[in-house]
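# Reading the structure
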Amino acid sequence: QVQLVESGGGLVQPAGSLRLSCSASGSLFSISTMAWYRQTPGERRDMVATITSSGNTNYADSLKGRFTISRDNAKNTVYLQMTSLQPDDTAVYYCYAQGRHTGRGTFFTGWGQGTQVTVSS
């Protein structure tokens, strides 16, 4: 199995910043794409940002300029730097990864358990 664990969430005031991290561990694997999604109660889980193993990124249009995704391939870790946070950014943030198991080559996708981000004064 491949396990994804997020950290870094919490309570922050409007205009503040947070950095989330997500580390993958478990079976031998090679991750091609990692991403961040977010979800509020009753809403769909929406893409925040994605990043490939070569470093290509894309973002939700509304978040461009405020959020930055990065990764450390050696650590199988992805980060999300969030700045200028607003109450509408309040959500559970989920880490996502896809790739293949080393050797066997079987495809996998995985989700983290989520980390709560609350933006409030």
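This section reports on the structure supplied with the text. Nothing here was measured: the structure is a model prediction, and the numbers come from that model.

Our focus in this paragraph is the pairing of strand β5 (residues 46-52). Two elements, strand β4 (residues 29-39) and β5, share six bridges in a ladder whose sense is antiparallel. Bridging across to β5, A35 finds its partner in T50. Between β4 and β5, which pair antiparallel in sequence order, lie six residues; one of them, G42, sits at a positive phi of approximately 80°. Remark: four residues form the turn of the hairpin made by β5 and strand β6 (residues 57-59), two consecutive strands paired antiparallel; G55 in that turn has positive phi of roughly 100°.

Pairing of β4 with strand β9 (residues 91-101), which is carried by 10 bridges, proceeds in the antiparallel orientation. In the strand pairing of β9, I31 is matched with G99.

Following the criterion strictly, the structure yields one disulfide and no others. Two residues share a disulfide in this structure: C22 and C95, whose sulfurs sit 2.1 Å from each other. In this structure, the disulfide formed by C22 and C95 twists by about -85° around the S-S bond and is classed as left-handed. You can see C22 sitting in strand β3 (residues 18-26) and its partner C95 sitting in strand β9, a full 73 residues away along the chain. According to the relative accessible area criterion, C22 is buried, its value standing at 0%.

We note that A15 has phi near 80°; this positive angle belongs to a residue other than glycine. Tracing the backbone through its elements, the reader meets A15 in the loop between β2 (10-12) and β3. Overall, the relative accessible area of 56% leaves A15 in the exposed class. Look at S84: it is not a glycine, yet its phi comes out positive at around 50°. With respect to the element layout, S84 can be found in the loop between β8 (77-82) and β9.

Counting residues in hydrophobic clusters, the biggest one holds 29 residues, and the most contacted among them are W36, L80, M82 and Y93. Put simply, the parts of the chain that give this core at least two residues each are β3, β4, β5, β7 (67-72), β8, β9 and β11 (115-119). Excluding residues that lie within four positions of it along the chain, M82 makes contacts with G16, S17, L18, L20, R66, F67, Y93 and V117.

Our next topic: the pattern of salt bridges. Tallied over the full model, the rule gives two salt bridges. R66 is paired through a salt bridge with D89; the nearest N and O atoms lie 2.9 Å apart. Taken together, the residues R66 in the loop between β6 and β7 and D89 in the loop between β8 and β9 connect sequence positions 23 residues apart. For D89, a relative accessible area of 2% corresponds to the buried category. Sharing partners across several salt bridges, the network here consists of R38, R66 and D89.

Quick notes on the rules
Residues numbered from 1 in each chain as written. Predicted model: local features only at pLDDT ≥ 70, side-chain atom pairs only at ≥ 80, totals over all residues. Heavy atoms only, no water. Pairing = 2+ DSSP bridges. Helix = DSSP H or I, 4+ residues; strand = E, 2+ residues; numbered from the N terminus. Disulfide = S-S within 2.5 Å. Buried < 20%, exposed > 50% of the residue type's maximum accessible area, 1.4 Å probe, protein only. Core = buried A, V, L, I, M, F, W, Y, C linked by side-chain atoms within 4.5 Å. Contact = heavy atoms within 4.5 Å. Salt bridge = Lys/Arg side-chain N within 4 Å of Asp/Glu carboxyl O.

Everything listed is a geometric property; what it means functionally is a separate question.
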